[in-house]
Each structure stands twice: as C-alpha cells, then as structure tokens.
Amino acid sequence: MTIRTEEFLLNLGPQHPSTHGVFRILLTLDGETVVKAKPIPGYLHRGIEKLAESRTYTQVIPYTDRLDYLAGMLMNWGYVHAVEKLMNIEVPERAEYIRVIVGELARIASHLVATGAYAGDVGGLTGFIYTFRDREDIMDLFEMICGARLTPSYMRIGGVADDIPEGFIEKCYQFLDYFPSAIEEYNGLITGNEIFQARTKNVAILSAEDAIRMSLSGPVLRASGVNYDLRKVRPYSVYDRFEFEVPLGTKGDCFDRYYVRILEMEQSVKIIRQALDQLPEGPIRGKVPKVIKPAAGEAYAEIESSKGIMGVYVVSDGSTKPYRVHFRRPSFVNLGYLDEMLRGWKIADVIAILGSIDIVLGEVDA
C-alpha cells in the first residue's frame, strides 16, 4: 500500500500581525512544506493614484504620506521631485539640505520598525520594544519640524513647508551622538542572538541575478551583493556632497537582508551629521507660482526610499490637476519574487522570509 499526503491550501492573513498589515498569502502546502505561494494584495487599496486626478498638485502631497506611512517624508519627496522636474523648478540649497536631513531620519525610523518587527517575527519581541524606544526620538523631531509624527506632509513643491525650528538642530545632534550606542545594543540583542541567526542564516537565498531579473531594489537588492543605490549611482538633491558607503550583503539570505538595514542606519547617521554641519542659510522655498499649473507634458522622477526605488510618473494636460499620477512602489515590486522565495521552505520559515522583505501595505496597495 502506498502512503501519500495530499496538498492543502492555507490562508495566511490578511489579519495576521506577522504579515505586516492586511496582506494575504494563499499557501499550497505538502505537510509543512510550501509548494506554492500566491500573494493576494489589495485589502488596503484606496485608489490614491485615481484620487490624485481630482486634486490640485499641492493637495496630492498628503496622500503620499499614506503610501509608506513609516517613511512619509520620503514619499512626499518622491512626488514633489517629479512635479518639480515637470515644471523645471529650482529648489533652494537650504531646502535640499533639510530634505536630506528629514529623509535620512525617516530612513532610520523605517529601518527601526523593520528591524524590531523582524526580531518579533522570529520570536524575539524584546528587540521590537528597543527599536520603538529609539524611533520615538525621531518622531519627536518630526513633531517639532512639522507638527506631525506619522503623516508629515512636510515637503512642498519647490522646497519644504517651514524652516527648522529653534532647538531642532541641537536635539538632532543629541540623537546622532546617542544612536550608535543603540545600534550596538541591537547587535548584542538581535544580530548576535544564536536563535535569530539559526532562523535567518542561509534561509531563502536570493542571488544577484534573480534580484536584478525581478527588478528588486533597496536593501533587498543590496543584500544580494548588488551595489545599486540611487543616492550614489544617480545622485539627486545634494547627495553628491556627502561621504557615505553603500552596505552590501554577501549571501542574499534573510540575515543579510536584516543586517544591511542595520548598516544603512549607521550610514544615515553619517549623512545627517554632514548635512547639519554644512547646512546653509537662505530661503526654503523656490520660485513657485501661487497656482501650480504645469504646461502639458510628463515627467518621471525617482528617489531611494527606505524600501527601494520610489518612482513617480506625472502627466500634465495643462490644467491645475494632474492628468495622471503613477507610483512605482518598491514594496509592491519586491513582493514579486515571494512565490519563488517561499517554495520548498517550511511553513515556520514563511514569516521569517516575508519579514526580511520589509513591506508596508499602504505602499503595496497604493
């Protein structure tokens, strides 16, 4: 008599906390082994691209906060960068420096959520508490500069909403002086933890060839050893004035995808310190007409967000509202390889693999 098992379907999400939001994966399992995985996004879809067509160019900015709500500053930046390109608007130097400062703070805040949540995904909830403790300092800085913590709406077409308030620079330096010791703490608590390493090392190895083939970007791409960071290869804003390195992984496994983010936070600290040291005086807003009405045309701009390349395509028909806006969202693109990454691994590894991609559903669903 031949004994065999039957494949069965298991829905993971859309309400499971370890799916990092309302994400659903339909898993086909043979016992505990994943045979196939079908990602099913869309539970947070709000039609932001369509909504943009009925708003003025400035009114679209708050909607970009809701894409990657863990790095709203970077989402703001990607959009206004595209409109500025469409209208050939020159951004004042001081505003560019401020954008770099808040953008890199947002990158650290986003990586802190990724790092802490990932530790929790594989069983170490204490790491989650530590990283959120330090993220609060950045939220306080955002509150000082724009009055909001999660949805800043701080960027403006041609610059930023307000200048740096009194006390911000001192508080920011204090954070930069303190944060390296926090990273050492994470390394002791999470990176060097034997259980954490056993759950992540040599798990779901992603080759450089596959990462490039699937158009992946950000820490997921660089963990596979691909040296591609827009801030270096096609510097925008004033990034070409700062010295920093692009951390790379060697194997492309879950551990590398985690550790690259730790190293990137160290580099962001370097960039912010240089930007604060060099911060010039001057206006914070360029010459922008009161009514923003670009000539008919189109523009595409992209930035390096915390999760990869954030691209924005804007089409103008000459009116005060965009004719079309499309966002190239890194979380959505990075999920494209999930099925192949999960195949052959045990169901206990699914959360460790998904968490290593670091998705945010507001951006995936748009």
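Residues numbered from 1 in each chain as written. Predicted model: local features only at pLDDT ≥ 70, side-chain atom pairs only at ≥ 80, totals over all residues. Heavy atoms only, no water.

(A) Quick look at the pattern of salt bridges. Applying the stated criterion across every chain, the model contains 26 salt bridges. As a salt-bridge pair, arginine 241 and glutamate 93 come within 2.6 Å of each other at their nearest N and O atoms. Residue arginine 241 is located in the loop between α10 (230–233) and α11 (254–278), and its partner glutamate 93 is located in helix α4 (residues 93–121); the two are separated by 148 residues in the primary sequence. The closest approach of N and O atoms between arginine 94 and glutamate 281, which form a salt bridge, is 4.0 Å. Taken as a pair, arginine 94 in helix α4 and glutamate 281 in the loop between α11 and β6 (297–305) lie far apart in primary sequence, 187 residues in all. Residue arginine 94 is classed as buried on the basis of its relative accessible area of 7%. The exposure class assigned to glutamate 281 is exposed, which follows from its relative accessible area of 72%. Overlapping salt bridges, with partners in common, bring together Glu104, Arg107, Arg222, Asp229, Arg231, Glu264 and Glu304 in one network. (Salt bridge = Lys/Arg side-chain N within 4 Å of Asp/Glu carboxyl O. Helix = DSSP H or I, 4+ residues; strand = E, 2+ residues; numbered from the N terminus. Buried < 20%, exposed > 50% of the residue type's maximum accessible area, 1.4 Å probe, protein only.)

(B) Up close: the packing of α4 against helix α5 (residues 125–146). Running from N to C, α4 and α5 cross one another at 160°; their axes reach a closest spacing of 8 Å. Taken together, the axes of α4 and α5 lie roughly antiparallel to each other. Once α4 is placed against α5, the crossing between them reads as left-handed. The residue inventory of the contact of α4 with α5, partitioned by class, reads 18 nonpolar, five polar and two charged. (Axes fitted to C-alpha atoms, helices over the stretch in contact; angles between N-to-C directions. Parallel < 35°, antiparallel > 145°, perpendicular 65-115°, else oblique. Left-handed = near helix turned anticlockwise from the far one by under 90°. Nonpolar A, V, L, I, M, F, W, Y, C, P; charged D, E, K, R; others polar.)

(C) Layout of the sheet that holds β6. Read from one edge to the other, the open sheet built from three strands follows the order β6-β7-β8, with strand pairing classed as antiparallel. Whereas interior strands pair on both sides, the edge strands pair on one side only; in this sheet they are β6 and β8 (324–328). Strand-to-strand twist in this sheet, taken as the mean axis angle between neighbours without regard to direction, amounts to 10°. Where β6 and strand β7 (residues 308–316) come together, nine bridges link them in antiparallel fashion. Residue pairing in the sheet places serine 305 in a bridge with glycine 308 of β7. Sheet strands touched by helix α3 (residues 72–87): β6 and β7. Its angle to β6, the strand with the most contacts, is close to 150°. (Pairing = 2+ DSSP bridges. Contact = heavy atoms within 4.5 Å.)

(D) A nonpolar patch on the surface, seen in detail. A cluster of nonpolar residues, Leu125, Phe128 and Ile129, forms a patch on the protein surface that exposes about 290 Å² of accessible area. With respect to the element layout, phenylalanine 128 can be found in helix α5. (Patch = residues over 30% accessible without salt bridge, like charges linked within 9 Å, V, L, I, M, F, W, Y side chains within 5 Å. Areas by Shrake-Rupley, 256 points an atom, 1.4 Å probe, with all protein chains shown as cover.)

(E) Region of the structure containing the environment of aspartate 140. Checked against the element boundaries, aspartate 140 lands in helix α5. Residue class for aspartate 140 comes out partly exposed when judged on its relative accessible area of 28%. Along the sequence, aspartate 140 and cysteine 172 sit 32 residues apart, while their C-alpha atoms lie 9.9 Å from each other. Aside from chain neighbours lying at most four places away, what touches aspartate 140 is Arg149 and Lys171.

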